[in-house]
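What the coordinates show
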Amino acid sequence: MKLLPTLFAAALLQLAAFTTAEAGSNLDEIKSAGVLKIGTEGTYAPFTYHDASGALVGFDVEIGQEVAKRLGVQAEFLEGKWDGLIAGLDANRYDAVINQVGITEERKKKYDFSDPYIASKAVLIVRADDEEITDFADLKGKKAAQSLTSNFGKLAEKSGAELVGTDGFDQSIQLVLTGRADATINDSLSFLDFRKQKPDANVKIAAEQADADYSGIIIRKGEPELLEAINKALAEIKADGTYEKISQKYFGADVSK
């Protein structure tokens, strides 16, 4: 009779060990497998996308490759749609997600985040020759091209702007360039990407919010050794100039803060 609980407990331990090994859910298993499995979209330029040759490239992709390199393993990217990306951690499809996942208190309840590796701020974008709008308060009575349901749109409205509805960043910029809108409040990373692609465009940043939103590498809870190793790798990447090189390549600026 006493054997049943013992056998049951042993079976549970074996099942837990199998599950851990199957998922590569700790640093030893990842190193043993020689692969860090990373979930990403592959459709979100300039962070994670396919170039003309079909290769997976992007800022997040290169960060993931460098982190894996410093763990002594290869990066294996598994692509999926955003809606199911983080849930893939629960299903043990991969060891981490690197896809501009914002660090929020709600997400931190269920998952662990690395130290931030990229920062985004709300910026006020105007035509390069506009000397009248220099701060968010100057939007009062002006036309701002915005996605109406976005936080940026709400900020423009709070600043007293008249909103001109758009489908997103690209359309907002075009309305500013053509003079159909005076400004747009948008994401700093989107603007830097646009500026990288079109350096001669007649737009500039007039002001930016002090507070930034940060993204991190997200993993399952209960893997402190992996989290520590990832944070160590990120620190090394920033210290040796690798981060600056990748950041300049995709944004023409340091986007870590």
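Residues numbered from 1 in each chain as written. Predicted model: local features only at pLDDT ≥ 70, side-chain atom pairs only at ≥ 80, totals over all residues. Heavy atoms only, no water.

**Overview of the side chain of D95**
- Inspection of the secondary structure assignment puts D95 in the loop between α5 (87–90) and β5 (96–97).
- Of the side chains bearing the opposite charge, R220 lies closest to the buried D95, which forms no salt bridge; the N-O distance is 4.1 Å.
- Of the polar contacts made by the side chain of D95, one reaches the backbone nitrogen of K37; its length is 2.8 Å. (Helix = DSSP H or I, 4+ residues; strand = E, 2+ residues; numbered from the N terminus. Buried < 20%, exposed > 50% of the residue type's maximum accessible area, 1.4 Å probe, protein only. Lys, Arg positive; Asp, Glu negative; His and termini not counted. Salt bridge = Lys/Arg side-chain N within 4 Å of Asp/Glu carboxyl O. Polar contact = N/O pair within 3.5 Å; in protein donor to acceptor, adjacent residues only side chain to side chain.)

**Overview of the packing of aromatic side chains**
- Within the structure shown, the criterion is met by six aromatic pairs.
- Measuring from ring centre to ring centre gives 4.9 Å for Y44 and F47, while their planes differ by 45 degrees; the resulting arrangement is tilted.
- One aromatic cluster in this structure is built from Y44, F47, F59, Y117, Y243 and F251.
- Lying over the aromatic face of Y243, K238 brings its terminal NZ or CZ to 5.6 Å of the ring centre. (Phe/Tyr/Trp six-rings, centres within 6.5 Å; stacked < 30°, edge-to-face > 60°. Lys NZ or Arg CZ within 6 Å of the ring centre and 35° of its normal.)

**Brief notes about the nonpolar core**
- Grouped together as the largest cluster of nonpolar side chains are 36 residues, with contacts concentrated most on F59, V67, I118 and F251.
- At the level of elements, α2 (27–33), β1 (35–40), β3 (56–57), α3 (59–71), α9 (188–197), α10 (224–239) and α11 (242–251) are the ones that each hand at least two residues to this core.
- Of the residues forming this core, the biggest block, seven residues, is contributed by α10.
- Residues in contact with F59, not counting those within four places in the same chain, are P46, F47, Q100, Y117, I118, Y243, I246, S247, Y250, F251 and V255.
- Membership of the second largest hydrophobic core comes to 13 residues, among which are A122, A144, A161 and A183. (Core = buried A, V, L, I, M, F, W, Y, C linked by side-chain atoms within 4.5 Å. Contact = heavy atoms within 4.5 Å.)

**Looking at unusual backbone geometry**
- Of note, the bond from A45 into P46 is cis; its omega dihedral lies within 30 degrees of zero at 0 degrees.
- On the secondary structure map, P46 appears in the loop between β1 and β2 (49–50).
- With a phi close to 60 degrees, N92 is a non-glycine residue in the positive phi region.
- Secondary-structure assignment places N92 in the loop between α5 and β5.
- Despite not being glycine, Q100 has its phi angle at roughly 55 degrees, a positive value.
- Turning to its location among the elements, Q100 is positioned in the loop between β5 and α6 (105–108).

**Quick notes on the UniProt feature "domain: Solute-binding protein family 3/N-terminal" (unreviewed entry) in the protein**
- Per the UniProt annotation, the sites labelled "domain: Solute-binding protein family 3/N-terminal" (unreviewed entry) are residues 35–254.
- Within the segment residues 35–254, helix and strand shares are 35% and 25% respectively, and the terminal C-alpha atoms sit 29 Å apart. (UniProt positions renumbered as here; feature names shortened; annotations may be inferred.)

**A closer look at the packing of helix α8 (residues 169–177) against α9**
- Taken N-terminus to C-terminus, the directions of α8 and α9 make an angle of 65 degrees; their axes are 11 Å apart at the nearest point. Put simply, α8 runs roughly perpendicular to α9. When the axes of α8 and α9 are compared, the crossing they make is right-handed. Residues F169, I173 and L177 of α8 form the contact with α9, whose own contacting residues are S190, F191 and F194.
- A class-by-class count of the residues in the contact of α8 with α9 yields five nonpolar, one polar and no charged. (Axes fitted to C-alpha atoms, helices over the stretch in contact; angles between N-to-C directions. Parallel < 35°, antiparallel > 145°, perpendicular 65-115°, else oblique. Left-handed = near helix turned anticlockwise from the far one by under 90°. Nonpolar A, V, L, I, M, F, W, Y, C, P; charged D, E, K, R; others polar.)

**Quick look at the pairing of strand β10 (residues 162–165)**
- Where strand β9 (residues 143–146) meets β10, four bridges bridge the pair, whose relative direction is parallel. Its bridge partner being in β10, A145 is matched across the sheet by V164.
- With helix α7 (residues 151–158) bridging β9 and the parallel β10, this β-α-β connection has right-handed handedness. (Pairing = 2+ DSSP bridges. Right-handed = clockwise from strand over helix to strand, strands pointing away.)

**Some remarks on α8**
- Looking only at α8, the buried set comprises F169, S172, I173, L175 and V176. Take α8 and look down its axis: the buried residues cluster within an arc of 160 degrees, on one side only.
- Buried residues along α8 sit in contact with β8 (122–127), β9, β10, β11 (183–187), α9 and β12 (203–208).
- Positioned one or two residues after α8, G179 has a phi angle of 85 degrees, which is positive. (Arc of directions from axis to C-beta.)

**Describing the pattern of salt bridges**
- In the structure shown here, the tally under the stated rule is 13 salt bridges.
- The closest approach of N and O atoms between R70 and E66, which form a salt bridge, is 2.5 Å. In this pair, R70 and E66 both sit in helix α3, four residues apart, roughly one turn of the helix.
- E132 is the partner of K142 in a salt bridge, and the nearest nitrogen-oxygen pair spans 2.8 Å. Separated by 10 residues along the polypeptide, K142 in the loop between β8 and β9 and E132 in the loop between β8 and β9 bring together distant segments of the chain.
- On the basis of relative accessibility, which here comes to 56%, the residue E132 falls in the exposed class.
- Sharing partners across several salt bridges, the network here consists of E66, R70, K232, E236 and D240.

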